[in-house]
Amino acid sequence: MSGQAKQETPARGRPTRVEIAAQHRLRELLREYFLDLDAAAKDPRRRVAWCTSVGPCEILVAMGFATAFPENHGALLGVRRLSHRFIPYAVSAGYCAESCSYMNADIGAALAGQSPLRDSYGIDGPPRPDLLVYSTNQCREVQDWFSFFGRRHGVPVLGVRPPRQLGAVTAAHVAFVRGELLRLIEQIEAHFGLKLDMGRLEETVALSSRASALWREVLETARARPAPFSFWDGVIHMAPVILLRGSPAAVAYYELLLAEMRQRVREGVGAVPGERFRIYWEGMPVWPRIRELSEKFFELRAAVVASTYCNSWAFEPYAGGDPLEWMARTSIEIFINRDEPTKEAFLVELFERFGVDGVIFHNARTCPNNSNSRFGMPARLREQRGLPVLVIDGDLSDQRFFSTAQTLTNVEAFCEQLEQIQAGPQPRLPANPRAATAANVAGGPA
Ligand code: SF4
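This structure is a prediction, so every number in the text was calculated from the model and none was measured.

Here is what the cut-offs are and how they apply
Residues numbered from 1 in each chain as written. Predicted model: local features only at pLDDT ≥ 70, side-chain atom pairs only at ≥ 80, totals over all residues. Heavy atoms only, no water. Helix = DSSP H or I, 4+ residues; strand = E, 2+ residues; numbered from the N terminus. Contact = heavy atoms within 4.5 Å. Polar contact = N/O pair within 3.5 Å; in protein donor to acceptor, adjacent residues only side chain to side chain. Near = heavy atom within 4 Å. Nonpolar A, V, L, I, M, F, W, Y, C, P; charged D, E, K, R; others polar. Pairing = 2+ DSSP bridges. Axes fitted to C-alpha atoms, helices over the stretch in contact; angles between N-to-C directions.

**Student:** Can you walk me through the environment of Glu275 in this structure?
**Tutor:** Checked against the element boundaries, Glu275 lands in the loop between helix 12 (248-267) and strand 5 (277-282). Sequence-wise, Glu275 and Leu300 are 25 residues apart; in three dimensions their C-alpha atoms are separated by 8.7 Å. Discounting residues that sit within four places of it in the chain, Glu275 has contacts with Arg225, Pro226, Ala227, Arg301 and Ala303. Among the polar contacts listed, one links the side chain of Glu275 to the side chain of Arg278, at a separation of 2.8 Å.

What follows is the structure, given as structure tokens:
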């Protein structure tokens, strides 16, 4: 990795952003991935499986399927601000407008016969699947989403339905999910006349775990001050740990990215030059407004140093042994599948480890599953930890549920609150974390 110039923080005016050099490799990698998916769908000798983002993709990879992840297409539709154009097609087909906007936008885009993959990579859209495999470890919506495409393409839809909202993960839970995975393998073998090679599955799981461990190390570099890496970088650079799980390419990519982040730490290069505040982001990204939000935080010199979302693919490492047991355990240990006390303990640990000054909860209108601000958690954490908390209302993909102006104003007011706290003793916090507007903001431990 070539050295980077020490970062300048101008006393006045806009700070200079230092681009992450690995992003050039990321672009190539994604191009190769999508072109290969397209080629696989057109090649009668190859098979394509769609999988949910924390589903059992290692089994599919080990059985030779090219794997596609519809949630990625949902996010892409959001980033390109296309979701609100396609969601009405899904609504016309009977899907509730307030159901998952990834699902509705993806179904709507298929009904409209359009995809941003055409502009990006010159391909028609997501590859035609031979098989769809979901896990309800994240939500039940994925089952209905995949069922739509199963009917549309006349292909099997197979699923794993683990126990949900777990506190402690027990051996009985793991054994149950392992059994579901074995049943899934048998169904795939029977339908396609295949035989899973367990040695190949072990190799795939080892690669998947290695990429995940490197990704976790990348995220950990943001404990440094200044943080070399922010949430806004994370939502881009996490693509390989989802799309290319189980591949040597994902491992190589995260080795490259980690080396660059460590170099940044050594040289004092921050994602936000002159970092003043360190923020935790809880919940989904607001994909259609990523640019505005990241620019506002940058301008305020607020680094979003950690997030639940980017940690969702930082699994516990595989230490050899039964790969199905590792898959079963990691699939139910994920944050979204845990109960409220376990989630709170996880968040508190991250707040402390990353030294955050404040927390932002994103209440995503169409994803109750990944919104943790609906049952008092922000107020409880604020009272327990004395950390300022802001809740913003929005959505992951449907921009109609997000007010950019109001949110940016609230973020500004929130950073003023953090500034007041840094300046000295403060009055009590406002009773409602949603009410952190410029007019009434107050800071300090309750
Ligand atoms: S977790 Fe939320 S965003 Fe993801 S598929 Fe389920 S409902 Fe949609």
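There is more to say after this.
**Student:** Whenever I open this one, the site of the ligand confuses me. Can you help?
**Tutor:** Around the ligand sit Cys100, Tyr102, Gln138, Cys139, Glu141, Val142, Trp145, Met284, Ile336, Cys367, Asn369 and Leu396, and those are all the residues in its vicinity. Looking at the shell around the ligand, the element that brings in the most residues is helix 7 (residues 141-153), giving 3 residues. Grouping the amino acids of the shell around the ligand by side-chain chemistry returns 9 nonpolar, 2 polar and 1 charged.

**Student:** Explain the sheet that holds strand 8 (residues 389-394) here, please?
**Tutor:** Consider a sheet: its strands pair through backbone hydrogen bonds, and that pairing is either parallel or antiparallel. In space, the 4 strands of this open sheet follow the order 6-5-7-8, with parallel pairing throughout. This sheet does not close on itself; its edge strands, each paired only once, are strand 6 (302-307) and strand 8. Put simply, the sheet's adjacent strands are angled 30° from each other on average, direction ignored. Note that strand 7 (residues 358-364) and strand 8 share 6 bridges and pair parallel. Paired with Asn363 across the bridge in strand 8 is Asp393. Lying on the sheet, helix 16 (residues 340-353) is in contact with strand 5 and strand 7; it crosses strand 5 at an angle near 160°.

**Student:** Before we go on, may I ask you to explain the sheet that holds strand 3 (residues 131-135) in this structure?
**Tutor:** Ordered by their spatial adjacency, 4 strands build an open sheet running 2-1-3-4, and the pairing between neighbours is parallel. Because the sheet does not close on itself, it has two edges, and the strands there are strand 2 (66-68) and strand 4 (157-160). With strand direction ignored, the average angle separating the axes of adjacent strands in the sheet is 25°. Judged from the 3 bridges that link them, strand 1 (residues 48-51) and strand 3 form a sheet pairing that is parallel. The residue bridging Cys51 from the neighbouring strand is Val133, located in strand 3. The sheet contacts of helix 7 involve strand 1, strand 3 and strand 4, and relative to strand 3 the element is tilted by about 175°.

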